[in-house]
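Geometric and topological summary
Spelled out, the chains give:
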Amino acid sequence: MISESGLFLFGVVMSAVLLFAMVFFIIMYSDLECDYINPIDLCSKLNAYVIPEAAAHAFLTLLFLVCGSWLALAINLPLALYNAKKMVARKHQFDPTTIFRTLPAHKREGLIKLGFYLLCFFYYLYRMIVALINSQ
């Protein structure tokens, strides 16, 4: 079994990666609004990262479940279920023909996820530091 400090160290690293992914998504949305990138290129670039982003978050949530970190699981479960719902409904891919109509919703989702991963990053960092102090 993984130690609590190791679990939250992994959580810090994963949330940092997911944080950078959300920043990338938001920058790409901004580029589309300013006409620096066309919709086909945007969708092909972002679609390559949608499933890995959801899978990384699902893996982190599953790890919290297996290790018995219930508060971290409760924090992550709603977003994991939202991502799973989008996958099942097949609404996780970006469509170049409708991206301009759905861009405000995608931007809002990206900003919410950015805020979520930012809060998680600091929560995991705090829990990692507490676990390291308690282990000594």
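Residues numbered from 1 in each chain as written. Predicted model: local features only at pLDDT ≥ 70, side-chain atom pairs only at ≥ 80, totals over all residues. Heavy atoms only, no water.

Let's shift gears to the packing of aromatic side chains. A full pass over the atoms with the stated rule returns 13 aromatic pairs. Both rings, one in F8 and one in Y123, keep their centres 6.4 Å apart while their planes meet at 90 degrees; by these two values the pair is edge-to-face. Of this pair, F8 sits in helix α1 (residues 4–33) while Y123 is found in helix α4 (residues 99–135), placing the two residues 115 residues apart along the sequence. Ring geometry for F64 against Y124: centres 5.3 Å apart, planes inclined by 45 degrees, an arrangement best described as tilted. In this pair, F64 sits in helix α2 (residues 39–67) while Y124 sits in helix α4, placing the two residues 60 residues apart along the sequence. Three or more aromatic residues joined by ring pairs form one cluster here, namely F24, F25, Y29, Y49 and F94. (Phe/Tyr/Trp six-rings, centres within 6.5 Å; stacked < 30°, edge-to-face > 60°. Helix = DSSP H or I, 4+ residues; strand = E, 2+ residues; numbered from the N terminus.)

With that settled, consider the UniProt feature "transmembrane region" (unreviewed entry) in the protein. Using the residue numbers shown here, the UniProt feature "transmembrane region" (unreviewed entry) corresponds to residues 7–29, 54–82 and 114–133. End-to-end, the C-alpha atoms of residues 7–29 are 33 Å apart, and along that stretch the chain is 100% helix and 0% strand. For residues 54–82, the helix share is 93%, the strand share is 0%, and the end-to-end C-alpha distance is 10 Å. (UniProt positions renumbered as here; feature names shortened; annotations may be inferred.)

What follows is about the nonpolar core. In terms of nonpolar packing, the biggest core is built from 32 residues, with F8, L42, F64, F94 and Y124 touching the most fellow members. Elements supplying a minimum of two residues to this core: α1, α2, α3 (70–88) and α4. In terms of residue count, α1 provides more of this core than any other element does, 11 residues in total. Filtering out sequence-adjacent residues up to four positions away, F8 remains in contact with F64, S69, A72, Y123, Y124, R127 and M128. (Core = buried A, V, L, I, M, F, W, Y, C linked by side-chain atoms within 4.5 Å. Buried < 20%, exposed > 50% of the residue type's maximum accessible area, 1.4 Å probe, protein only. Contact = heavy atoms within 4.5 Å.)

The topology assignment puts N76 in helix α3. At a separation of 2.9 Å, a polar atom in the side chain of N76 contacts the side chain of H57. Once residues lying within four places of it in the same chain are set aside, the contact partners of N76 are H57, T61, F64, F116, C120 and Y124. (Polar contact = N/O pair within 3.5 Å; in protein donor to acceptor, adjacent residues only side chain to side chain.)

Under the criterion given, the structure shown has 5 salt bridges. K113 is the partner of E53 in a salt bridge, and the nearest nitrogen-oxygen pair spans 3.3 Å. Here K113 lies in helix α4 and E53 lies in helix α2, a separation of 60 residues in the sequence. E53 gets classed as buried once you look at its relative accessible area, which sits at 6%. Judged by relative accessible area, K113 falls into the buried class, the value being 5%. Across the pair K86 and E109 runs a salt bridge whose closest N-O atoms are separated by 2.7 Å. Linking K86 in helix α3 with E109 in helix α4, this pair joins segments that are 23 residues apart in sequence. Accessibility assignment for this pair places K86 and E109 in one class, buried. Each of E53, K86, E109 and K113 takes part in salt bridges that share partners, so that together they form one network. (Salt bridge = Lys/Arg side-chain N within 4 Å of Asp/Glu carboxyl O.)

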